[in-house]
Protein chains: 2
Amino acid sequence: MKLRIRREAPEHIFPVDDWKIIQTKFDPKYVAHEETVYALSNGYLGMRGGFVEGRPAVDDGTLINGFYEFRPIVYPEEAYGFPRQGQTIVYVPEAKIIRLYVDDEPFDVASAELTHFRRTLDMKGGLLVREVEWITPQGKRVALKTTRIVSFRQRHLAAIDYELTLPDAPAEIDISSELVNPRPKAEESLDPRKAPLFGHKVLMIEGMSCDDQRIIQCYRTQLSNYWVSCGIDHEIETDCDYKTEIKSVEDFGNLSIMADMEPGKTLRLTKYIAYHTEQDSKASELNYRVETTLARAKEKGFERLAEERRDYLDDFWRRSDVRVSVIEPLVGSGDTARPRGQQIIRWNLFQLLQASARVEGFSIPARGLTGRVYEGHYFWDAEIYEVPFLIYTAPEAARHLLKHRYEQLDQARNRARELSHQGALFPWRTINGDEASTFFLASTAQYHIDACIMYAVKKYVDVTGDEDFLFDMGAEMYIETARLWISLGYYPDRHPDRFYISGVTGPDEYTALVNNNFFTNVMAQDNLWNAAQVVERMERERPDAFRELAAKTGLDKSEVDAWRRAADAMFLPYDETLGIHLQDDSFLDKENMDVEGLPPEKFPLLLHYHYLEIYRHQVIKQADTILAMFLLGHRFTIEEKKRNFDYYDPITTGDSSLSACIQSIAAAEIGYTDKALDYLRFAAVMDLSDVAGNVVDGAHLASIGGTWLALVYGLGGLRDYGGQIRFEPNVPENVESIRFPLTIRGQVIEVDARPSGTTYTLREGTGLEIEHQGQTVKLEPGKSVKMPTASKRANP
Amino acid sequence: MKLRIRREAPEHIFPVDDWKIIQTKFDPKYVAHEETVYALSNGYLGMRGGFVEGRPAVDDGTLINGFYEFRPIVYPEEAYGFPRQGQTIVYVPEAKIIRLYVDDEPFDVASAELTHFRRTLDMKGGLLVREVEWITPQGKRVALKTTRIVSFRQRHLAAIDYELTLPDAPAEIDISSELVNPRPKAEESLDPRKAPLFGHKVLMIEGMSCDDQRIIQCYRTQLSNYWVSCGIDHEIETDCDYKTEIKSVEDFGNLSIMADMEPGKTLRLTKYIAYHTEQDSKASELNYRVETTLARAKEKGFERLAEERRDYLDDFWRRSDVRVSVIEPLVGSGDTARPRGQQIIRWNLFQLLQASARVEGFSIPARGLTGRVYEGHYFWDAEIYEVPFLIYTAPEAARHLLKHRYEQLDQARNRARELSHQGALFPWRTINGDEASTFFLASTAQYHIDACIMYAVKKYVDVTGDEDFLFDMGAEMYIETARLWISLGYYPDRHPDRFYISGVTGPDEYTALVNNNFFTNVMAQDNLWNAAQVVERMERERPDAFRELAAKTGLDKSEVDAWRRAADAMFLPYDETLGIHLQDDSFLDKENMDVEGLPPEKFPLLLHYHYLEIYRHQVIKQADTILAMFLLGHRFTIEEKKRNFDYYDPITTGDSSLSACIQSIAAAEIGYTDKALDYLRFAAVMDLSDVAGNVVDGAHLASIGGTWLALVYGLGGLRDYGGQIRFEPNVPENVESIRFPLTIRGQVIEVDARPSGTTYTLREGTGLEIEHQGQTVKLEPGKSVKMPTASKRANP
């Protein structure tokens, strides 16, 4: 695949600072971009990066994970089993607004005369700071610094520190600190694709309270009956005279501060913001919880909240930082991006933290909490692209995600039944556990979601050793997913020794409704084998729990034999002539397409060709067979991987953001170092350089997680199937070192990989055995072991 | 396939009369059914069969062919090339309403006490007659006879003769003869599938005129700017005192007749109804045309109009009647239906006339003009199921349909371009020539529409000898359809000697997005060969016209070689082991389904299974490979046909109304007489017995045309590929004779097929050569030739 950058962030916005993203100039072109890049979130509460003034804004707002409204899904042609009720994440009441008027003139970054502008996302402190100096229409200088945090410790809490100074002249100041129930924009109602969504007012007022400086308002969604209470409280510090007024009515509340500012004096406003949400709740309870959160925050004060956040981040970076010592050639050089390597990598890692830190009870939406596109839905992205990072850096968060899937198992059972199947079929996209997809060829047909979830469960259990999760939840998921495969597949008349799975779509959505998609089949096979093994182990090791589970699920021991038999007979299409695994039975019979010869404006193909035209060609949206080569890499030789890569890579468009990172890992493994770096760069800068021109819709969390995969599995060469930690590092000659920590079964190792060799240090723990290029390495507490790099097994 | 009757018409409604459908009792259960069964139409103007009182009614109204409104098509997930503007046939202002009030009490068949009720569809006279005797709440007897016609001679005209008598008692009578602009029913707006359709008022008033007894109102559709002018005029004959009032306002007009009826006297009202329509028209012109039509009709009077209609029908029956002498065992016996054979066959033939008689400038919608389902769209049904009947009985009508396609060739060119193809791709469903389908797997993917249209063109030209049509229009269509196939298909790398067509859906919509659908490929092959032949013949025979056409279409002679090469290399999947043609490359690899073992309530499958579940199984909605065996029957041996039938028939659900007739023909050919008769019965009674429970939506024109095919091609054994008229009759032993006329190149033969032999008579013409079971038969004017039945070539 040729890498195409469709849009590029401006050079001036990224001075080099390994810990910060710094913007030194305001440019209206990038307002939308920056709402995503500067978003703050803790996995529960997310604020897009718009200014506190509420403008300029393209699609600014505040999101809460899983806070959705129902919407009817209407098809031009209905059919059985099509989901009819969608779930869409909606903006909660907006609380970060603080409007400023100086001598009655509004402050608006877009129109203001600014002598200084600097916005900093401080990834060490977790602060979003904006400093401006504004020359008012009357020529007065106004210095304003706002600092915003979203708390990690208190996931319901955010706060803004607002510091205003007039260095030279006195002025009459009005500050309006607001809480606003957002109304859908006019164009949302007119766009036919969005019309059904906001045909009604989403949030209805249910209760308010208001005192001197605090406003609490409770709303609920009309259809899904999801309740949100939002409160704001304030502290004002100044030597100047001021008075306040407070107001709270339906859809709007504000604290108004009218001050007579004297030259050189400062007014400091601290705004505390709290959100509590619950389905089928009531206002009195939610408002009480908001009161408590606000009271505790006010008692602590802004500095202490910022400190807590820094402590949390210190711990995060200790567990998660990936350092690349010679950075320029690795990421950020040349045409692909302006920002520099380490800061890019850290921004990606920071996004992973922001998406997952306090994700208890939820999963990670496709765009985290940085945008509303994909409706806040959870996809397989979480399990395949983000859970591995969490397993190795924050296993509790990984557990939350997988537990969340388990909690939706009943709905997956019902969906399977609806589709005439046994077992459970997890939804392709969902918030509340019900399938919410509409285009079934690229959703319902992607049965591989089941195997991908179970792949993540296995990796989680293998790497963390959390067998309680396995037997309390995982085993039941194994039973139901195995049943799905048995019910979906069959032994065809003409080849009774083969197990076929027909009429599916694999990860590659440019090929649909195929028979024996290699990825689906090989992942299902793994699912079935592991299900059989787990059930048998459970019977031996936890007989009481097993009996209970068998009774609950009606498990018959003959089923387990059927799983193993199907897995053993699973058909994995392979072409002897080319020596490649076939993406599906008929892939090679499709018409060729000169993907590399297409002009850049034809991408992404789905915007310029009918699906039928795409489907009939040998063209791939995203890594499919190649993804299987990575996930189940132990099953295939380097030579096979190389032949597959050579065949599939040139016809992969990368029109999906889930592709480049996987192609990077595959290229690294087979020694295509330049390609590995190109793909890694592309994945890493996807959002900061806005390569697809759609970062306004939110950060591409899968590519972000994939960037970590490409660093650690790709260049770092981590391999871990079955929980055996092995390394086959692929550090290019022009990189000095790549260093990263990994948490494994409660112990922490530090890997320092260099072209010449790799040093492994056991930072925490009692002792661990790993493997380096096939050699066993025993790690002891506090000691480092340096292993030289043996010559590669296969050179390109 | 097992034949399933899901709903059945009541026994009492069909007394035996070969020329009439007679209903002797009103039953509210069948109101919807009867609106379809008693519909009158001439192919331009169609009136559903509701009572003149306007109630009881389920979905009564008046339709004009091609009179459509645009509607936005909204997809839950948009994609490139999806049609965004739908076309939907809409009811025109309703003019057949005549309400009756006796002593202020309304007459309503549903609530009235009736001592006599008789509704007769007279297929010889073309009249719909209703006679009732009503006992009013005051106990007075009222005799009412209404006779309705839709003119064939004047396609813009209908008329109602209304005769009222009070035998015993005097009464005050009010009669309101109305013209009403129908408003969408409330439930249409609430149903999410229909909401986008009637979100606005469809017909807007544009002009009115009104005098003593005549009202003319002109409307236009809001979005498509389609104009309709509708007028009513009246004649009143009675000895009783009466006065009239006339009123015309927006959306409503009526002539009110207030009479003091004396016992034994009669009031006769004749209502003339005219419609004229035109896109982008104006009221003055359309109203003038309505005036003229009404004036001429009034001058002729009702009796003369009825006479004209009878004359027209006499001619129709002479050209078209199919008589089956021993009828009971053929159609209508046993469980499948109450009505009797000959009347059923005639009702089907009568529907074909009603759908096609005055179709100039249009095609035949899927339900003719008897219902609004499928939105009044034209499908391939017309070309494959209805055109053959027209070719052999009313070649001018066949020409109109094919000419109509030609007139939409430019839009088909544009659609091909939109889908990245050369040539022209005709729309799967359309009124105005633009594609109006929404579910692309069962519409856009059905590229075979192109080949089917060209198949009909070839049959039309071969049988009628209309070479002007071929060279004036057909040749250009051949060029553009051939180009489509060349651009859609390809020579795959692994088999460079084969021409593949991938990613299509054949006629069977229970299998989608397949490679090398046998039907598509073999029909495309025929299309390509014929295109090459026609172009070369034209160059020889009409060199000037050819040069002009070549210039217009940019035809390069090398293209013709490419067509022939692709046709010669066309891949037709075949299984050596089973000796059957494969519906597509992977059909045999799909999972088996015990179709015959499924309970009846699971049909049609599409209402009870997800498409994915249907697609992955070897289950067929409608004849696919079997249809190819019929259309291109000369290419296959009886043994091949038998093996294919044996394989595909048990897995064919017949969930489409397009299937049973084709299965009947196939069964007849291979000697499965009982099956042939079963399928024929099923096709023939589809509407009268309401076998699918959906006749309320309109008559199944394809099955109606297919009934004729099953009689003439199936039992009669007609074969005509290339215009050579051959017969292989398959008359079962328990049938005395099947007699039908055929018009061939302007001559008319009469076929009288019996088990022992067949008699051919040249009724009109100068001489014709046909073939009977491989023997040449020379027919001379007025003479009959009797050919004995030779033993069958293949016995089952």
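Right above here is the structure, for reference.
About the criteria used
- Residues numbered from 1 in each chain as written.
- Chains lettered and ligands numbered in written order.
- Predicted model: local features only at pLDDT ≥ 70, side-chain atom pairs only at ≥ 80, totals over all residues.
- Heavy atoms only, no water.
- 1 Å grid on protein atoms, 1.4 Å probe; cavity = no way out; pocket = protein on both sides within 12 Å on 5 of 7 lines; lining within 4 Å.
- Points joined across faces, edges and corners; volume = space filled by probe spheres on them.
- Helix = DSSP H or I, 4+ residues; strand = E, 2+ residues; numbered from the N terminus.
- Nonpolar A, V, L, I, M, F, W, Y, C, P; charged D, E, K, R; others polar.
- Disulfide = S-S within 2.5 Å.
- Buried < 20%, exposed > 50% of the residue type's maximum accessible area, 1.4 Å probe, protein only.
- Contact = heavy atoms within 4.5 Å.
- Buried area = accessible area lost by both parts, 1.4 Å probe.
- Salt bridge = Lys/Arg side-chain N within 4 Å of Asp/Glu carboxyl O.
- Pairing = 2+ DSSP bridges.
- Least-squares fit on C-alpha atoms with pLDDT ≥ 70 in both.

So, the layout of surface pockets
Looking at the second largest pocket, its volume works out to about 760 Å³. Lining the second largest pocket are 39 residues, and of these Asp585 and Ser586 of chain A together with Asp585, Ser586 and Asp589 of chain B sit closest to its centre.

Section: empty space enclosed by the protein
Residue and element names in this part refer to chain B. A complete count under the given rule lists 16 cavities of 30 Å³ or more for this structure. One number sums up the size of the largest cavity: a volume of about 210 Å³. Considering the residues around the second largest cavity, the lining is formed by 13 residues, among which Phe630, Leu631, Arg719, Asp720 and Tyr721 are closest to the centre. Looking at the lining of the second largest cavity, the elements that each hand over two or more residues are helix H9 (448–464), helix H15 (625–631) and strand S23 (718–719). Its residues assigned to classes, the lining of the second largest cavity shows seven nonpolar, two polar and four charged.

Considering the state of the cysteines
Disulfides are covalent bonds that link the sulfur atoms of two cysteine residues. All names here are of chain A. All told, the structure shown has zero disulfides over all chains when counted by the stated rule. For the unlinked cysteine Cys218, the closest cysteine sulfur is that of Cys230, found at 10 Å. When its relative accessible area of 0% is taken as the criterion, Cys218 is described as buried.

Notes on the interface of chain B and chain A
If you look at the interface, chain B gives 53 residues, while chain A gives 53 residues. Across the interface of chain B and chain A, roughly 4800 Å² is buried in total on both sides, 56% from carbon and sulfur atoms. The largest per-residue losses of area from chain B upon contact with chain A belong to Arg494, His610 and Arg616 of chain B, which jointly make up 15% of the total buried on that side. At the junction of chain B with chain A, the criterion picks out four salt bridges.

Examining the sheet that holds strand S8 (residues 105–106) of chain A
Residues and elements named next belong to chain A. Read across the open sheet, the five strands follow the order S8-S7-S13-S18-S17; overall the sheet is antiparallel. The open sheet terminates on both sides in strands that have one partner only, identified here as S8 and strand S17 (241–249). Sheet topology places strand S13 (residues 171–180) next to strand S18 (residues 252–261); 10 bridges connect them, and they run antiparallel. Residue Ser176 lies in a different strand from S18, and its bridge partner there is Ser256.

Some thoughts on the relation of the copies chain B and chain A
Its rotation angle being 180°, the transformation that places chain B on chain A also includes 0.0 Å of axial translation and leaves an RMSD of 0.0 Å. These values place the two chain copies in the arrangement generated by a two-fold rotation axis. Taking C-alpha positions as the reference, the residue of chain B nearest the rotation axis is Tyr75 of chain B, at 3.0 Å. When the interface residues of chain B are mapped onto chain A, 100% of them again lie at the interface, so the same face is used by both copies.

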